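Coordinates in review
Spelled out, the chains give:
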Amino acid sequence: MDNQTLWDIVLADLQINVSKASFQTFLSQTKLLDLNNHTATIGCSQPMLINLIEKRYYSQIKKTLDSYTKTDTLLVFKAISSENKKFNDGPLFKLKPYPEFTPINVYQTLNLNRDYTFDNFAVSSSNQMAYAAATAVAKSPGSSYNPLFLYGGVGVGKTHLMQAIGHAIIANQPNIKIIYCSGEEFTNEIIEAIGNKTTGSFKKKYRRVNALFIDDIQFIAGKNAVQEEFFHTFNAIQQYGGQIIMTSDRPPEEINKLEARLRSRFEGGLTIDIGQPDFELRCAILLIKAKQRKVDLPIEVAKIIAANIENPRKLDGTLVRIITESQTKGVLINQELVKNILGKTMKETPPKYQIKPEEVINIVASFYNLKLTQIKGIRRDRVLALPRQILYYILRSELNIPLVEIGNLLGGRDHTTIMHGVRKITELVGTDEKIHGDIVGIKNRLMG
Ligand code: ADP
Ligand code: MG
């Protein structure tokens, strides 16, 4: 049996045991790249999902695979580049042809936030379904979930996720006509059009798009003329196979003064809620924001912030304060600095989430395919030197362990050796892409 056939069978088995959305989001993104020496290399077309897949499905995948190979297989996950992607999309993603429209340049001026992409969106249990639906819609707008209605509290990532769909659709089909606006902008535009007697051009503009994104749709409730116009816009767009995506702070049935016919339209597609981010998701969001700001934020520091700041909108603000403070004071971003900024009423990282030094040692060793005895041992081969120095660096910068103690942890090394290693990596992190990439990879595993 070749790898592809084997994998198709394994996936078919797994598909029975997981929900449709989970399969679509996670397992269908995988492919068996290699099976040799009791090791299966599994490629994943979405690198950001690797950790999640490994964490959630390792044993399930292994059990299924082992049942066919009749061996005890080790699974290794790796990212695959977009050229060898193979999606098991199925009929969900059949592309519908779009009707020809006369080009109107208003569509070029989309005001999407550059950073609100899928790559920058962290996925966890509170938003996994919404993410799955959003990626499905992005791949083939108008054919899977239509309308897509995302709702949830302030700061849970509705706007971000919705704009990510916009970015992805435009990247796939640059000439597609999209309008992205808030419920408030939509309302203002209609009122203005009525006042200026230009409703004709309003209709032309809105009713002929391939995808309409309305953020915070709850705003139109109670405004009769606006709801009336929106109803017709909605119908016109859907009639031509166009996609409609909306966000709201509450589900359709809880929006007061929303016309019944609109409510039933909203509920005619897929309605998904996004929950408040848990501790782990808040950490992941912080690390993403730090990366965007080109700052190496130690995970332990991210955890302290996440333990203390629950509102996701405040996470980024706090991070900016910390970065500014570290720059003006000329000090590193470390636990002391953050504790000072957060103040005395600070909560400690929940013990469950505190990383232990042994975990770091294990993860660095396995990252470089070294045995524990090799990384802790005394042999001074060149292949061992760099992983060891990276290990010192992570123990120092992430866990804030004193140099002498790091030396003790690693079989009684002298603290000057540790210091030398930490300094060297601190310098290289900013200049050497390979080392930077390795450290990000190791930190991702630590987060897992
Ligand atoms: P909402 O529209 O639901 O009020 P936003 O989309 O404006 O929330 O998100 C608030 C902030 O939190 C933004 O900076 C956004 O990038 C960030 N954010 C929220 N959820 C996530 C996530 N899952 N991954 C990355 N960033 C997120
Ligand atoms: Mg929003």
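This text follows the structure it describes.
These lines cover the structure that appears in this document, whether it is placed above or below.

**Regarding the packing of helix α10 (residues 279–292) against helix α12 (residues 312–329)**
Remark: α10 packs on α12, axes separated minimally by 10 Å, with the N-to-C direction vectors making an angle of 50°. It follows from the interaxial angle that α10 and α12 lie oblique. For α10 against α12, the interelement crossing comes out right-handed. Facing α10, whose interface residues are Arg282, Ile285, Leu286, Lys289 and Ala290, α12 presents Leu315, Asp316 and Leu319. Across the contact of α10 with α12, the residue classes tally to five nonpolar, no polar and three charged.

**Some words on the packing of aromatic side chains**
A complete count under the given rule lists 13 aromatic pairs for this structure. Ring geometry for Phe234 versus Phe266: centroids 6.2 Å apart, planes at 40°, classification tilted. Taken together, the residues Phe234 in helix α8 (residues 224–239) and Phe266 in helix α9 (residues 260–266) connect sequence positions 32 residues apart. Phe234 gets classed as buried once you look at its relative accessible area, which sits at 0%. Three or more aromatic residues joined by ring pairs form one cluster here, namely Phe149, Phe186, Phe202, Tyr206, Phe230, Phe234 and Phe266. Across from the ring centre of Phe219, 4.1 Å away, lies the NZ or CZ of Lys223, which sits over that ring. Just above the ring of Phe231 sits the side chain of Arg261; from NZ or CZ to the centre is 4.0 Å.

**Describing unusual backbone geometry**
Cis geometry is adopted by the peptide bond preceding Pro147, which originates at Asn146 and carries an omega value of 0°. Turning to its location among the elements, Pro147 is positioned in the loop between α4 (128–139) and β4 (148–152). With a phi angle near 55°, Lys197 is a residue other than glycine that sits in the positive phi range. Note that Lys197 resides in the loop between α6 (183–196) and α7 (199–207). With relative accessibility at 74%, the residue Lys197 sits in the exposed group. Backbone geometry at Lys257 places phi at a positive 60°, although glycine is not the residue there. Look at Lys257 and you get exposed, because its relative accessible area is 67%.

**Thoughts on the pattern of salt bridges**
Throughout the structure, instances matching the rule amount to 15 salt bridges. Across the salt bridge formed by Lys62 and Asp66, the nearest N and O atoms sit 2.7 Å from each other. Of the two residues, Lys62 and Asp66 both sit in helix α3 (residues 50–69), four residues apart, roughly one turn of that helix. Residue Glu228 is joined to Arg261 by a salt bridge in which the shortest nitrogen-to-oxygen separation is 2.8 Å. Note that Glu228 is positioned in helix α8 and Arg261 in helix α9, a separation of 33 residues in sequence. Accessibility expressed as a relative area gives 36% for Glu228, which makes it partly exposed. Judged by relative accessible area, which is 29%, Arg261 ranks as partly exposed. Through salt bridges with shared partners, a single ionic network connects Lys62, Asp66 and Asp72.

**Focus: the sheet that holds strand β3 (residues 74–79)**
Spatial strand order, β1-β2-β3: three strands in an open sheet with mixed pairing. Edge positions in the sheet fall to β1 (30–36) and β3, since each has one partner strand and no second. The sheet shows a mean angle of 25° between the axes of neighbouring strands, direction not considered. Bridging between strand β2 (residues 39–44) and β3 involves six bridges; their strand directions are parallel. From the neighbouring strand, Thr39 faces β3, where its bridge partner is Leu74. Along the sheet, helix α1 (residues 3–17) makes contact with β1 and β2, crossing β1 at roughly 125°. Sheet strands touched by α3: β1, β2 and β3. Its angle to β3, the strand with the most contacts, is close to 135°.

Cut-offs applied
- Residues numbered from 1 in each chain as written.
- Chains lettered and ligands numbered in written order.
- Predicted model: local features only at pLDDT ≥ 70, side-chain atom pairs only at ≥ 80, totals over all residues.
- Heavy atoms only, no water.
- Axes fitted to C-alpha atoms, helices over the stretch in contact; angles between N-to-C directions.
- Helix = DSSP H or I, 4+ residues; strand = E, 2+ residues; numbered from the N terminus.
- Parallel < 35°, antiparallel > 145°, perpendicular 65-115°, else oblique.
- Left-handed = near helix turned anticlockwise from the far one by under 90°.
- Contact = heavy atoms within 4.5 Å.
- Nonpolar A, V, L, I, M, F, W, Y, C, P; charged D, E, K, R; others polar.
- Phe/Tyr/Trp six-rings, centres within 6.5 Å; stacked < 30°, edge-to-face > 60°.
- Buried < 20%, exposed > 50% of the residue type's maximum accessible area, 1.4 Å probe, protein only.
- Lys NZ or Arg CZ within 6 Å of the ring centre and 35° of its normal.
- Salt bridge = Lys/Arg side-chain N within 4 Å of Asp/Glu carboxyl O.
- Pairing = 2+ DSSP bridges.

Read these as geometric descriptors, not functional statements.
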